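Structural overview
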Amino acid sequence: LFEADPQTHQVLMQANANGIGEVEAADMISSMSKPVIVYMPELEPEVSDFHFEGFKLQSKKMSYDVKYNLLAKSGGIMVKKMSQIHTVLKSFGYK
C-alpha cells in the first residue's frame, strides 16, 4: 500500500516492545524501497514486567534489544524518543 503510493515518501511505524508483530514488520521493512522510521520506545522499569497473557511467552523469547536490532538490521531507521521523529523526517526534507 505505502510502497505503491506516489505521495508517500517515508513510512512511520510504532513497534511494541511487548508485541509479537516485529518479525513480520522486519520482513516488510526489508522489502520497502522507501525509508521506514520505527518508533520503539523503551519500557519504563515499572512497566517492563507487565505483559498481556498472550505475549508472555513471546516476550521471554525476544527481548527489547533483540526486537530493536532485528528491525534496525532490516533497514528500519530506529528512534526511541518521539522527539527524534521530527529530526529524522527533517533529514528527508520534511519541514
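Please read these numbers as outputs of a predicted model, since none were measured by experiment.

As for the sheet that holds strand β2 (residues 36–39)
One open sheet holds the three strands; their spatial order is β1-β2-β3, and the pairing between them is parallel. Looking along the sheet, the strands with just one partner apiece sit at the ends: β1 (11–14) and β3 (77–79). Across the sheet, the mean angle separating the axes of adjacent strands is 25° when strand polarity is ignored. Pairing between β2 and β3: three bridges, direction parallel. Each bridged residue has a counterpart across the sheet, and for Tyr39 the counterpart in β3 is Val79.

Quick look at the nonpolar core
Nonpolar side chains in soluble globular proteins tend to end up buried together. Membership of the largest hydrophobic core comes to 15 residues, with the highest contact counts inside it found for Met13, Val36, Val38, Met40 and Leu71. The set of elements that each furnish at least two residues to this core consists of β1, α1 (22–30), β2 and α3 (64–73). If sequence neighbours within four positions are ignored, Val36 has contacts with Val11, Met13, Ile29, Gly75, Gly76 and Ile77. If you look at the next biggest cluster of nonpolar residues, it comprises six residues, including Ile37, Tyr39, Ile85 and Val88.

Regarding the pairing of β1
Successive side chains on a regular strand alternate, one facing one side of the sheet and the next facing the other. Alternating positions in β1 separate cleanly, Val11 and Met13 being buried on one face and Leu12 and Gln14 remaining unburied on the opposite face. In the sheet, β1 pairs with β2 via four bridges, with the strands oriented parallel. Considered in β2, the bridge of Met13 is made with Val38. Regarding the hand of the β-α-β motif, the stretch spanning β1, α1 and β2 is right-handed.

The rules behind these values
- Residues numbered from 1 in each chain as written.
- Predicted model: local features only at pLDDT ≥ 70, side-chain atom pairs only at ≥ 80, totals over all residues.
- Heavy atoms only, no water.
- Pairing = 2+ DSSP bridges.
- Helix = DSSP H or I, 4+ residues; strand = E, 2+ residues; numbered from the N terminus.
- Axes fitted to C-alpha atoms, helices over the stretch in contact; angles between N-to-C directions.
- Core = buried A, V, L, I, M, F, W, Y, C linked by side-chain atoms within 4.5 Å.
- Buried < 20%, exposed > 50% of the residue type's maximum accessible area, 1.4 Å probe, protein only.
- Contact = heavy atoms within 4.5 Å.
- Right-handed = clockwise from strand over helix to strand, strands pointing away.

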